[in-house]
Amino acid sequence: MQNDYFGFIASAYGISALLLAGLALWIVLDARAQRRALAAIEEKGVRRRSSAARPENPS
């Protein structure tokens, strides 16, 4: 009885593992691309708003 479904279960686990590995790879590659894009923008002199100097008199 257990061997009747072994192929189905094994293939379901295999497909799930491949999809999870693919998603992990996609995340890693996208993170690298985003870091490169951010570095290119910062090289041009554009800075993040959070790192901008705050005015001394905010009124």
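Position numbers for residues start from 1 in each chain and track the written sequence from start to end. Whole-chain, interface and lining totals are the exception, using all residues; otherwise, since this is a predicted model, local features are given only for residues with pLDDT of at least 70 and side-chain atom pairs are given and counted only at 80 or more. The basis for the side-chain values is all heavy atoms of the structure; hydrogens and waters are excluded.

Draft legend 1. Expanded view of the overall build of the protein. Per the convention used, a helix needs a DSSP run of H or I reaching at least four residues, while a strand needs a run of E reaching at least two, with both numbered from the N terminus. Scanning the protein from N- to C-terminus turns up one helix and zero strands. Accessible surface, the protein: about 6000 Å² in total, of which carbon and sulfur atoms supply 62%. The method behind every accessible area is Shrake-Rupley, applied with a 1.4 Å probe, and residues are considered shielded solely by the protein chains displayed.

Draft legend 2. Looking closely at a nonpolar patch on the surface. Surface patches are defined over residues having more than 30% relative accessible area and no salt bridge, joining like charges when they lie within 9 Å and nonpolar side chains (Val, Leu, Ile, Met, Phe, Trp, Tyr) when within 5 Å. One speaks of a salt bridge when a side-chain nitrogen belonging to Lys or Arg is within 4 Å of a carboxyl oxygen belonging to Asp or Glu. On the surface, Tyr5, Phe8, Ile9 and Tyr13 cluster together into a nonpolar patch covering about 520 Å² of accessible area. Tracing the chain through its elements places Tyr5 in the segment before helix H1 (6-43). Note on exposure labels: buried denotes an accessible area under 20% of the residue type's maximum, exposed denotes more than 50%, and partly exposed covers the range between, all computed with a 1.4 Å probe on protein chains only. The class of Tyr5 is partly exposed, set by a relative accessible area of 48%.

Draft legend 3. Summary view of H1. Helix length check: H1 (38 residues) gives 55 Å between terminal C-alpha atoms against 56 Å at 1.5 Å per residue, within 8%. With its phi angle positive at about 100 degrees, Gly45 sits one or two positions after the end of H1. Expected span, for any helix, means 1.5 Å times one less than how many residues it has.

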